[in-house]
Structures are given as C-alpha cells and as structure tokens.
Amino acid sequence: MALSAYEDISEEDECDLHDWQLPLAFMKKRHVETVEGCRAVTQTWRMKERMKTVSVALVLCLNVGVDPPDVIKPSPCARQECWIDPLSMSPQKALEAIGANLQKQYERWQPRARYKQSLDPTVEEVKKLCTSLRRNAKEERVLFHYNGHGVPRPTVNGEIWVFNKSYTQYIPLSIYDLQTWMGSPSIFVYDCSNAGVILDSFKQFAAQREQEIELAKINAQSYPGATQMPLPPSMKNCIQLAACGPKQLLPMNPELPADLFSSCLTTPIKIALRWFVHQRGGKLVPSITDDLIEKIPGRLNDRRTPLGELNWIFTAITDTIAWNTLPRELFQKLFRQDLLVASLFRNFLLAERIMRSYNCTPLSSPRLPPTYQHPMWQAWDLAVDHCLSQLPAIVDDGVAYRHSPFFADQLTAFQVWLTMGNERRDPPEQLPIVLQVLLSQVHRLRALDLLGRFLDLGPWAVSLALSVGIFPYVLKLLQSSARELRPLLVFIWAKILAVDSSCQADLVKDNGHKYFLSVLADPYMPAEHRTMAAFVLAVIVNDYANGQEACLQGNLIAICLEQLSDAHHLLRQWLAICLGRIWTNFDAARWCGVRDSAHEKLYILLNDPVPEVRAAAVYALGCFIGNCSERTDHANTIDQGVGMKLTGLAQDGAVIVRKELVVALHQLVLQFESNFASIALHFIEEERQREQSQSVVGAAVTPGGWTVVVGASPSTSGTASGLQPMSSPSQSNSSASLSSMGSMEALEKSPALSDKLDKSMKRVSSSSSVSSLGFAYNNVYATVWRTLVQIVQEPHSGVADTANIVVNAVNLKATMNTQPKFMRDKRLTHSAPSSPTNSLARLPTDKVDRESGSSAHSPDGPQLQLPHEIARPMAIRPGEQPPPSRPQNPAPIGSAIPHSSTFQSKRRLFDKGPNSTYDDDDVPSPPTPLITTEFCEWSSRYFAQSVMKFPEEHDPQSPVHYEREWRFIRNARVRREAREMQKRAASMRLDDQIFINRNRGNPTVLKFHPYDPHMAVADKEGVSIWNWDEGARTNYFRNNNPVHSRITALDFINAHDITLLLSGSDDGAVRIWREYGWDGECEPELVTAWQAISDLLPSTRGSGLVVDWEQESGMLLASGDVRIIRVWDTQREKKLQDIPTGADSCVTSLVSDSVGRSLLIAGCGDGSVRLFDRRLAPNECRVMTLREHTGWVVKVFLQKGSEGNIISASVGGDLKFWDPRFTESVKTIQTSQGLTSFDVHPHAEIFACGSANQFISLYTLNGENIGTIKYHDGFMGQRIGPISCLAFHPHWVHLAAGSTDCFLSVYGERKR
C-alpha cells in the first residue's frame, strides 16, 4: 500500500525523489552519541590463576591372583589392567608392568609431572607418599589415582582399603586422613566399585573441616595468647572423578578391560574405537577386529595421520560438548585452568558415554550435567566410521588415507549460523571447533575469516570467543609470515583489543607488536587494514611503558609520520592518536618526534576536513607538549610554538575539536603554570583598575552604526582615537593596547562604555579583560590565556565548563602566589622558562569555584572567571555595610587557610601548604591534568561495533527505512495538496485567523516547519514550539544565550527527515537542538553549538546574527553586525571562507541560490543590496552593489528558476525587483511606511508586509493589494499590535505573524 502510494506520487511529482537524495546534517556519530568510551565490562575469560598438576600418586591395590571377598566375578570376566592381562605373567611382574603402563598412559597427558607408584601399599606407605608429594608440590595440584580392584569396596564410614605388610589383611584407610595428607589443590581418581560412596564421604569430611577451621579462627580471636594448633587444610579446591555410583559395580564384560574407567581417562581413542566396533561394528564395519584397530597408522600427536586426526576430532568434539553444556565459570575451571585436568575431563565425557551403556554412571565433583546423549557424539561416530571403513584398504593394500570432512562440515555449520546470528540467539555450538581448526593450515584461512565475522557481531561475541580460549591461538598465529593471513589477523586483533585492552601486555611479551608494525609500514596493505594496525598499536602503547618502549624501538613514530597525508580519514585519525599515546609521559619518544619534526607534520591535520582527524591531531599535539620533565630552552620554544598554533582552533566548528583544544592548552598551562599565573594576575589587576578608574572622554555613532570612542583608560599610557571594530580575544581592547600590538581589527566595547552609551547597545561574547594587556605581556602565555578565557564564553556548556576549570584554577594560583611568605619560595618564580610545579595540577576539579566571577552566560556579560576571594570591588549602596577587608598577612600556622573553604577538606592544594617553602631536594612529581576527555576511548568504539553489518538506514527492510519512507510520502502529499492552494493564492483572502495565542515573550523570529503542523517562535531568550493545527504550545525551552543577547535567527535542519532546530543569537553563537518537543513537552538536547560569527561590532541598532541554511549543500551562511559573510561547511564543521561585505553597516538579510550555489545576496543596514559570487576570491567576489533603497533593508528574497528576480524591501516600504544581470531595478512597488517585517511565499506569487502601525498588507507580485489585516478575530475587534515578525509557510498558503504585544496569529484561507 505504502509503496504503491509512493509510486503514484513520484510519477506526478519527480522532485519528490529529491527527499531521498538530500544529505542529512549533524547526524554523524559525534552528534548522536555521547563522546565517551564503552563502559568497561569485567572480562572473565582470563584465568585468575593458571594451575599445573606437578605430582601424581598412582596407588594400585590389585593383589593379582586373589579376588576380594565382597565381589563375585563370573568366568570369563574382564581381566585386563592397563591393557595387560595380569594372569599372563607372575603376579609381581604383572603388578609392576601394570604400574609402569599406567604411568606411561598418564605421561601422554602430562609428561613433566613427578610420578610415584605405590603398588599394593600399606597405610604408612600411602601416608608417606602423599605427604611427600604435597610437600614438593607446594601450592600446585597433586593427582591421586586409586585402583581398588583387588580390595573390598569402600565403606559408608568413609574408608577405602589397602593392605598390611604381609598381605594377610585388608586395612581401612580413612578418606579424612587422605584429605589431610593430600591437602589442596588436589584431584582424586577412584577406579573401584561403589566409588560414589567415596564422593559422599569426602563431601562430609570437607564440611567437617570447614567447621573446624571456623572454630579455630574463633578460638584464636578469643584467646590470642594461647598456643594455636595448626589449621586443618581446606578441601574446597579439590576435584574428584569416580568410576560409578554408590551402589554400582564395575562392568565385568570380558570384551572390556577391567579398568574401563581408567582406560577411558588415559587411552580414550583406543577404548572408543573398540567400543564402537563392539557396539555397532557388526553392521557398519563388520571386517574390523581389535587386532586391526591396533594397526591404525600414525601417532596421536600428528594430525596428518589417521590416528592423529581422530584424536584431534575427539578433542574438538569433547571441548564443544563441554562448552555448550557447562556453565562458563565451571568450563573455565575444568577445561582451561590445568592441562591435565582438562584432558581428564574431556576423557571423562567419553567414560560417561561408554560406561552408561553398561549401566554404570561415572560421577564427578564438581558435578557435571549429563552429556552422553549430546548430538555431537553422532558427529564423532561418523568420523570413526569414516576412518575405520578405510582401514582394511590402508593396511592391506596401502591405499592413501582420505581425511575426514568433519572440520569442513563444522565450519559450514558455523557459516550458516553467522548468516542469522545475533546476541539474542544461542551461541554457535561450533565455536570451540573453530578454535581447533586454527591449528590446521588446510582450514586456517577459512576459519579466521569466519572467526572475524563472528567477532564483528559485537563485544558479546568477542567475550564469548575469549571464553572459549581463542586468545593463545591467535597470539601464536602472529608468528606466521603468511601474507594472506595479515588482513584477517589484524581485524581479529582489533576486535579483541577494542573489548579487552589488557591483552597489550601479552602482545609485547610475545613480540606481537612487530607484526602490526610491519602491517602498518606495508604500503601494499589496504588503508582499512593499516588503520586497524594503527589502532592495535595505539592500544599497545596506551598507558603501558613496556609497549611504548617496544614500539619506539620498532620505529613507530617514523612509520606514522610517513602516512599522515593518507587519503583514508580513519587512518589519519588513528595515526595521530597513536602518536599522542606513545608521547604520553615518555620523553624519549617525544624527542624522537622532535628530531622528525613531528609537530610540524601534524599541523597539516589541524586543517583536515574531518573533525575527528582534527581532534586527534589536537590530542597528539597536546600529548606532545605535556610530558617534558626537564625544561630546556629548546623544549620551551617547541612547546610555545605548538601552543600558538593550537590557539588558531578556538573558532573551530566542531565541539570535539574545541574540547580537545582546552585539554591540550591545559597541558601547556601545567608546564608553565607560574608564567600563566603571572599573566592571570596581570589580567586581574588590569580589570580592577579599569573598573575603578576608567572614564570615557567621548563617544559617537557613525551613520553605519559603529561606535567611535575618543580617549583612553588612565591605567594605560598613550592615546588613540578613531573607529574601533571589535577584535577576537586574541587582539587588544584598550586604545593603548591597540597601538602597542599593532592591531586595528574589530574590538569590543568595555564595560565602562556600556554604561555611557545607549542601553540598546548589546554586549558580545568576548571578555574585555582578555585583551587588556600591554606590550610586555603580548607573548605566548598571554595569547594562550586569551584563548582559554575566550573559550569560557563559548556557547557549548561542555566545552565552556572544561575551560572554566582551568581558568579558575590558574586564577586561584595567581592570588595564592601573591601572598607574603615567611621564606623565599625557590620554585614559584615568574621568570621564563620556569620549572613546572604540580600545585595547579592537584587542584580538585569538583571544587574549583565555577560560580565565582561571571559564568559563561552571566547577566553582566562575559567576564574573567575569578574565585570569590578575589571578587571585583562592588559599589556600596546607601545603608549597606562595607564588606570585611581581606587580611593582608598570612594566617598563623595551624589556623585555617582562607582558600581552603573552596576545596574538599580531604585534599591538599599544595604539598606543603601555601605559606611553606620547598627544600632544594624536593623533586616535583609529574603534573596530573585537571581535565581529560574520552575522545580516544569513544573513537575505539568504532572497532568494538560491527563494521561489516549493513547500515540499518540502508536496509530496505529495517524499521528505520520504513519510517523514512513514511516521512517522504507525507512530504510529497503536503507538497501536492499545497500546490492546489498555491495556484489560487493571488485570488484568495488570507483573513481567516486559524490560530491565535499569546506567546511567552515578545516574538522576534518565527519559522514554520515545512511538513509538520508546528512552528518555532523565538523570544529574547527562549523558543516556543506551537502546534498551529491544534492551537496549543507543545514545548518551551531556554536557548542559554547570555542575558544581554537575544535570538535573531531560527531555521529547521533536515526538515524533510529527522528535524533539528537551529537557533542563532546576536552574540554570534549558533545552537542546534534535537528533540525540541513539537509532539510533546520534553527537555531538548543540544546537538552542537559554535561561534558562527565572532568579532561582532557593537552598534546602536544591530541585526544580530543573520543566517541562511542550504540543505542541499550543507552550507550555512552567517553574517550580521560584522563586515563579513562567513560560509560554514556543516559536514566538515569548518569555516570555508570569509567574504568581505565592503559595507559600513550590518548585514540584515541573507539569501543564496540553492541551484547554482554560487550567487549570494546580502541586504544591508545602509539600504544597499550586495551580490557576491562565491566562486571568486574573497576580495573579488562582490560583483554588484544595488543602492536604490534609502533605508534599512528588511529582507531580500531570490525567486527560484533561471528567470528568478531578486526582491528586496526596506523600512521605507519600497519593494524593488532586480534582475541579477543589471544594476537598476526592473520594478518598484511602494507600500506603507514603517515596514518592520516582510516575507514572500516561496511558491505562491504573493508577499506580505508587516507594519509598526498595527496592520499587515498582502500583495501579489504585480503590486495588487489583496487584503489588509488589522484586527484580531474573537477579541471584540481588538487591533493587532505592531508587527515584529512575519513568515509564510514553505508550502501551504498560511501566514504567521508575531506582534509586540506577544500575540501570535496564523492566517489562512477562509473555509466556505
């Protein structure tokens, strides 16, 4: 239904396809996500402690030739022990041969353990054996294997049996005693009938021991002086394997060995093949005999042979069964902690399957869930059948062995799971098999590819793979030189390190970093893979000194610097981050970078089109200047040069860049804090003197609106007079400073001027105190300090608050340095270069006084951030008491320090207090930054998330795509229905007041949403969202602009899709809001904010900030009370160009050609209309100036199409129609005087004029008056107020009007 509707509309209106092609602005990840790292998930895959079974006690109680009295054996019955028939030789020889064989079978699984046999022992021999092994093993594991086939069954009292010395009696051995001798950790194997009884007794005795331990601890606390008995060993960390249940006898089938349980545990392949033949061989492989099984060629540890392949498959299957059946923690303990234990438990799964077929149930502690019917056993049977079916031909005819398709089939099953796998489904049961396949050169490439696709599903998949035990395998593969593995291994390691960065130590230990250095340096590797290698190396060097040293030796810095100009933006970003991390607190790497001119090469990235790359470059340069422990003139010169270069980014459009800039400049402040304290103190003194004694000799206003100031502050020497445009904070503000710094750029008026001049003259966002320094302080420190104070005033609170912490901390240090000291302070000097001290770095960030001085949006305008202790002097009103004077001398030792109230009592500002001196021997500790960001951690999230997955917005079956399609269908419907109304617009009367309501404040700007029935209305300090269809206000929120500023611009961004709201205020700041609440009251979210225009000029009547938004190109044009038009690329969040207006007045209106995108038209306060061609150089792009208006241009409008005219209207009521090719107007329409607002409908040929004389006039483009609106409906004929703003709906023929009496109205066609 929806698709057919869309097809109908698209045929009718081809431009409806345009919605799909329009780019979206401010929808990148940096806009929709919080810039912070993933919350660290505790990884459980890494074993807390690896264990090793170092000693094995083999206790055999066989008494060959004599059967125990409680077991009646049939004839024939099972006789073989360790595959030896004891009756085939003398009893003693048989006993020794069986013991030797059992040891060999165990040595196959743990060849390095210490083995001790105890054949037909006594209690004393067992005790001596166990205590000896425990003593030698210390904290490692000991195995106790008990074969009780020649003694009675265990008793319910917890006893097993051994012999007396003469073998005439069976002697009981208590499990309690055995526990005492063996200690913990231990593993017990019981191969005897009724073995389950031992497990029950063991559990009871273990609980008894725990009670004894608790009691002993209580006694030790109650009687501390008493002689303490040694605590009994705890049996918590003991593992037991029992051949059968408490009431079961071992199988006596003569086809089986008597020690079937031991055979399963130590020779699993041999017993599994024999059992298969006896169970199913008659049907499947009738020609296979036990003797033929013994002839299977190969070795168990050679996977290329039939026997080795079977063993490999068996390991993979039992691992898979255990991983899919056991709880993760138990799997880690039993199958990954100890190699021998893992082998025994894998074989125990086979024992359960085989012995259950003989009505015998092996038991274990900890208890395992039943696994004997797991489906993977069918795959084992198939592999055995595949091997045995070839055996006669291989043995008799020498036919080559055909390898099993088992692993290929399992990889295919894994691949099928991947096509539909996600976190909500059960994990793929083949994952442990993939791990095993990594060992095979035949399947390795495919296995790595599938493993990489699995890890790409997300952090949960990485954690799952690590829990299986993938880590040592992929670590070992880094030793491979195969080029075809490089992309796969780099991808896999990037995924692992994105989730668990602790693997960095393992990589460096095994020289794995060299692998990634070679990948990064390989010019033939695709950029995507080099990016991942750069990320891996960035993790290796992150806060890890060994990694930094290893990578420095591997020439990482030179490799990164060579590729900084690569076309792949993600590679550039991670190269910069990698450089920053290797420089962090590592002077050797820093000086290596100095020798390679690394900082100069990074400067190129400061102008990168991608904001993330610029932020990474700022981060790297911040690390570069922030770690030099020894100050030299050379180091100072470099750091100061980098600091000066970074100050140029204060006006960057991206929040992440400016936030990194504050942190980077803070690093410079930490290195030269005494110098910055001196600068800050000078600023404070200048501020005080100016506020107390500054006077204005004269002031005047030019016709263009600029302020002319004559005179100078008494606190400065020299005078200057003339035009003073406002400067950026990097220029001076006083007349004397202007001449001393040689700058005549725009300059903001001071607070003193504010009181003398017209009250309507506004403040702008730059601090007067910032620019008040004389020539003596016009140095690096002053420039950086101005930049920091400038950022405190910026519109994004997150960045401003970060800078505020630094500024307040330095101000506080400045005042503390001025306190008299009892002894000379050897370190806090004001000479440059200074030795860095750590006092500023230790200021607690949560207690730096942010409310002192003025905040970023203070009612008094932007001012320097000062602590309460150094607050500015205040005038005393009549009747008020003067504040208590501040003590001039330090408080006595032991009394409270005046500043301490600002900080937490648990923290100290300085190591030895503000009044104490330092010894010559004191060595400053490395400064700890007050502020940090999570930009690098946030960047790492890219690798933790899926990079192969098709983006949801591009998936035609996704909910996101369906929602977009619905919105575009709605847009097309609105345009189609509105087109009918536009055709009759010239003949309709817009006198039906379809909406009226009172706004919260005087409306200054209003804007219709093109498709949704709501409009945004701005007053001085906030925005109201009105649903004009229902007549209700849905939301109101504050814009957070400074009190002395007002909102002068509104626009909708991405109005065709997911709408954002742009607001601009006359301090030059632009803010972008999400979830602004048209469909319900909510708290809007600030997407981004930046200073679209700095250097605004103070004037008696200003246009504020004027913007024009181009959705097609993502360009934002900004101007206003300045002499330029600034072009912003919002995709890059970067200034493209500044176009000089050439006018001595403000820009009042902007419009551009959205088709050709080169023509730009500006209406000005002096009545001129100026045309610019953006394709030309900035000083040449003004191609025409139209000067027929005599007053303020209210608005300019550009008609669409190649024949479109320019329409302009001025306050005198005269409308001019211009052909862009000529300098004279082609038509003039005279409306009433006192024009305050004007708008032209984009599609209907009508325009509206709002007057200060309380009426709205409507005209056709031919000049015909089609209506006048003077009165409100429903208010008893009440006249409308003076019109403050007008706006047509972009499609419907509806007109919205706001008046100075705070009323809003929407007018439409009267319904008949």
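Right above here is the structure, for reference.
Before going into details, it helps to say that this report is about the structure given with it. (Residues numbered from 1 in each chain as written. Predicted model: local features only at pLDDT ≥ 70, side-chain atom pairs only at ≥ 80, totals over all residues. Heavy atoms only, no water.)

## Regarding the overall build of the protein
Phase 1 of the analysis: Secondary structure summary: the protein contains 38 helices and 39 strands in total.
Phase 2 of the analysis: In the protein, which comprises 1312 residues, the proportion classed as buried is 59%.
Phase 3 of the analysis: Partitioning the intrachain contacts of the protein with sequence separation of at least 6 by distance along the chain shows that 65% fall at a separation of at least 24.
Phase 4 of the analysis: For the protein, the accessible surface area stands at approximately 55500 Å², while carbon and sulfur atoms represent 51% of it. (Helix = DSSP H or I, 4+ residues; strand = E, 2+ residues; numbered from the N terminus. Buried < 20%, exposed > 50% of the residue type's maximum accessible area, 1.4 Å probe, protein only. Contact = heavy atoms within 4.5 Å. Areas by Shrake-Rupley, 256 points an atom, 1.4 Å probe, with all protein chains shown as cover.)

## Observations concerning the sheet that holds strand 23 (residues 1124-1129)
Phase 1 of the analysis: One open sheet holds the four strands; their spatial order is 21-22-23-24, and the pairing between them is antiparallel. The strands lining the two open edges of the sheet, one partner per strand, are strand 21 (1105-1110) and strand 24 (1134-1140). Ignoring strand direction, the axes of neighbouring strands in this sheet form an average angle of 20°.
Phase 2 of the analysis: Sheet topology note: the strand 21/strand 22 (residues 1115-1120) ladder contains six bridges and is antiparallel. From the neighbouring strand, Leu1105 faces strand 22, where its bridge partner is Gly1120. (Pairing = 2+ DSSP bridges. Axes fitted to C-alpha atoms, helices over the stretch in contact; angles between N-to-C directions.)

## Overview of unusual backbone geometry
Phase 1 of the analysis: The omega torsion of the bond from Ser75 to Pro76 falls at 0°, within 30 degrees of zero and hence cis.
Phase 2 of the analysis: Residue Pro185 follows Ser184 across a cis peptide bond; omega there is 5°.
Phase 3 of the analysis: Along the chain, Pro185 falls in the loop between helix 6 (175-182) and strand 6 (186-191).
Phase 4 of the analysis: Positioned with a positive phi, Asn359 is a non-glycine residue whose angle comes to about 60°.
Phase 5 of the analysis: Relative to the helices and strands, Asn359 is located in the loop between helix 13 (339-356) and strand 8 (363-365).

## Details of the pairing of strand 4 (residues 159-163)
Phase 1 of the analysis: Of all five residues in strand 4, four are buried; the element is thus mostly enclosed.
Phase 2 of the analysis: Relative to strand 5 (residues 170-174), strand 4 runs antiparallel, the two sharing five bridges. Among the inter-strand pairings, Trp161 is bridged to a residue of strand 5, identified as Pro172.
Phase 3 of the analysis: Taking the residues between adjacent antiparallel strands as the criterion, strand 4 and strand 5 are bridged by six residues, where Tyr167 takes a positive phi near 55°.

## Observations regarding a nonpolar patch on the surface
Phase 1 of the analysis: Together, Tyr942, Val947 and Met948 give the surface a local cluster of nonpolar side chains, amounting to about 250 Å² of exposed area.
Phase 2 of the analysis: By the secondary structure assignment, Met948 is in the loop between helix 37 (935-944) and helix 38 (959-983).
Phase 3 of the analysis: You can call Met948 partly exposed: its relative accessible area is 46%. (Patch = residues over 30% accessible without salt bridge, like charges linked within 9 Å, V, L, I, M, F, W, Y side chains within 5 Å. Salt bridge = Lys/Arg side-chain N within 4 Å of Asp/Glu carboxyl O.)

## Some points on the side chain of Ser1024
Phase 1 of the analysis: Considering the arrangement of structural elements, one finds Ser1024 in strand 15 (residues 1022-1027).
Phase 2 of the analysis: Discounting chain neighbours no more than four positions away, the residues touching Ser1024 are Asn999, Arg1000, Met1015, Ala1016, Val1017, Arg1033, Asn1035 and Tyr1036.

## A short note on the pairing of strand 22
Phase 1 of the analysis: The buried fraction of strand 22 is high, at six of six residues.
Phase 2 of the analysis: Neither face of strand 22 is exposed, since Met1115, Leu1117 and Ser1119 on one face and Leu1116, Ala1118 and Gly1120 on the opposite face are all buried.
Phase 3 of the analysis: Here four bridges tie strand 22 to strand 23, and the two strands are oriented antiparallel to one another. Its bridge partner lying in strand 23, Ala1118 is registered against Arg1126.

## Overview of the packing of aromatic side chains
Phase 1 of the analysis: Under the criterion given, the structure shown has 36 aromatic pairs.
Phase 2 of the analysis: Look at Phe995 and Trp1026: their rings are 5.6 Å apart centre to centre, the planes differ by 65°, and that puts the pair in the edge-to-face class. Residue Phe995 is located in strand 12 (residues 992-998), and its partner Trp1026 is located in strand 15; the two are separated by 31 residues in the primary sequence.
Phase 3 of the analysis: The exposure class assigned to Trp1026 is buried, which follows from its relative accessible area of 2%.
Phase 4 of the analysis: These aromatic residues form a ring-pair network of at least three members: Phe261, Phe331, Phe335, Phe345 and Phe348.
Phase 5 of the analysis: The ring of Trp312 is capped by Arg303, whose NZ or CZ atom sits 5.2 Å from the centre of that ring. (Phe/Tyr/Trp six-rings, centres within 6.5 Å; stacked < 30°, edge-to-face > 60°. Lys NZ or Arg CZ within 6 Å of the ring centre and 35° of its normal.)

## Overview of the packing of helix 17 (residues 444-455) against helix 18 (residues 459-468)
Phase 1 of the analysis: Two elements in contact, helix 17 and helix 18, have axes separated by 7 Å at closest approach and are oriented at 130°. Taken together, the axes of helix 17 and helix 18 are oblique relative to one another. Counted together, Leu451, Phe454 and Leu455 of helix 17 and Trp460, Ala461, Val462, Leu464 and Ala465 of helix 18 form the full contact between these two elements. (Parallel < 35°, antiparallel > 145°, perpendicular 65-115°, else oblique.)

## A word on the nonpolar core
Phase 1 of the analysis: With 264 residues, the main nonpolar core has Leu178, Phe454, Trp493 and Trp583 as its most contacted residues.
Phase 2 of the analysis: If you tally residues by element for this core, the top one is helix 29 (residues 611-625), at eleven residues.
Phase 3 of the analysis: In this structure, Leu178 is in contact with Val126, Cys130, Phe144, Ile160, Leu173 and Phe188, ignoring residues within four places of it in sequence.
Phase 4 of the analysis: Formed by 23 residues, the second largest nonpolar core is a distinct cluster that contains Ile1266, Phe1288, Ala1297 and Tyr1307. (Core = buried A, V, L, I, M, F, W, Y, C linked by side-chain atoms within 4.5 Å.)

## Topic: helix 4 (residues 91-107)
An α-helical segment advances 3.6 residues per turn. Residues three or four places apart therefore align on the same side.
Phase 1 of the analysis: Spanning 17 residues, helix 4 covers 24 Å between terminal C-alpha atoms, matching the ideal 24 Å at 1.5 Å per step.
Phase 2 of the analysis: Residues of helix 4 that are buried include every one of Ala94, Leu95, Ile98, Gly99, Leu102, Gln103, Gln105 and Tyr106, and no others.
Phase 3 of the analysis: Residues of helix 4 that are buried make contact with strand 1 (53-60), strand 2 (114-119), strand 3 (141-147), strand 6, helix 8 (260-266) and helix 13. (Expected span 1.5 Å × (residues − 1).)

## Notes on the pattern of salt bridges
Phase 1 of the analysis: In this structure the tally under the stated criterion is 45 salt bridges.
Phase 2 of the analysis: The partner of Arg658 in a salt bridge is Glu794, with the nearest N and O atoms 2.4 Å apart. Pair noted here: Arg658 is in helix 31 (residues 655-671) and Glu794 is in the loop between helix 35 (780-792) and helix 36 (797-817), with a separation of 136 residues, a long-range link. In this pair, the class of Arg658 matches that of Glu794, namely buried.
Phase 3 of the analysis: Linked through salt bridges whose partners overlap, the residues forming this network are Lys270, Arg274, Asp290 and Glu294.

## Observations regarding the packing of helix 20 (residues 486-499) against helix 22 (residues 513-521)
Phase 1 of the analysis: Interhelical geometry of helix 20 versus helix 22 gives an angle of 120° and a closest axis separation of 11 Å. By the criterion of interaxial angle, the relationship of helix 20 to helix 22 is oblique. In the packing of helix 20 onto helix 22, the handedness of the crossing is left-handed. Here Arg486, Leu489, Val490 and Trp493 of helix 20 lie close against helix 22, whose contacting residues are Tyr515, Phe516, Ser518 and Val519.
Phase 2 of the analysis: Tallied by class, residues from the contact of helix 20 with helix 22 come to six nonpolar, one polar and one charged. (Left-handed = near helix turned anticlockwise from the far one by under 90°. Nonpolar A, V, L, I, M, F, W, Y, C, P; charged D, E, K, R; others polar.)

## What to know about the environment of Pro154
Phase 1 of the analysis: Of note, Pro154 is situated in the loop between strand 3 and strand 4.
Phase 2 of the analysis: With a relative accessible area of 9%, Pro154 lands in the buried category.
Phase 3 of the analysis: Sequence separation of Pro154 and Ser201 is 47 residues, and the distance between their C-alpha atoms is 9.9 Å.
Phase 4 of the analysis: Residues within four places of Pro154 in sequence aside, it is in contact with Glu159, Ile160, Trp161, Cys192, Ser193, Asn194, Val197 and Ile198.

## Here we look at the environment of Arg367
Phase 1 of the analysis: Within the element layout of this structure, Arg367 appears in the loop between strand 8 and helix 14 (376-397).
Phase 2 of the analysis: You can call Arg367 exposed: its relative accessible area is 65%.
Phase 3 of the analysis: For the pair Arg367 and Leu330, spaced 37 residues apart in sequence, the C-alpha to C-alpha distance is 9.8 Å.

## Comments concerning the sheet that holds strand 13 (residues 1005-1008)
Phase 1 of the analysis: The strand order 13-14-15-16 describes an open sheet built from four strands, whose pairing is antiparallel. Each of the sheet's edge strands pairs with one partner strand only, and the pair in question is strand 13 and strand 16 (1032-1038). In this sheet, adjacent strand axes meet at a mean angle of 15° when their direction is disregarded.
Phase 2 of the analysis: Relative to strand 15, strand 14 (residues 1015-1018) is paired through four bridges, and the arrangement is antiparallel. The partner of Ala1016 across the bridge, within strand 15, is Ile1025.

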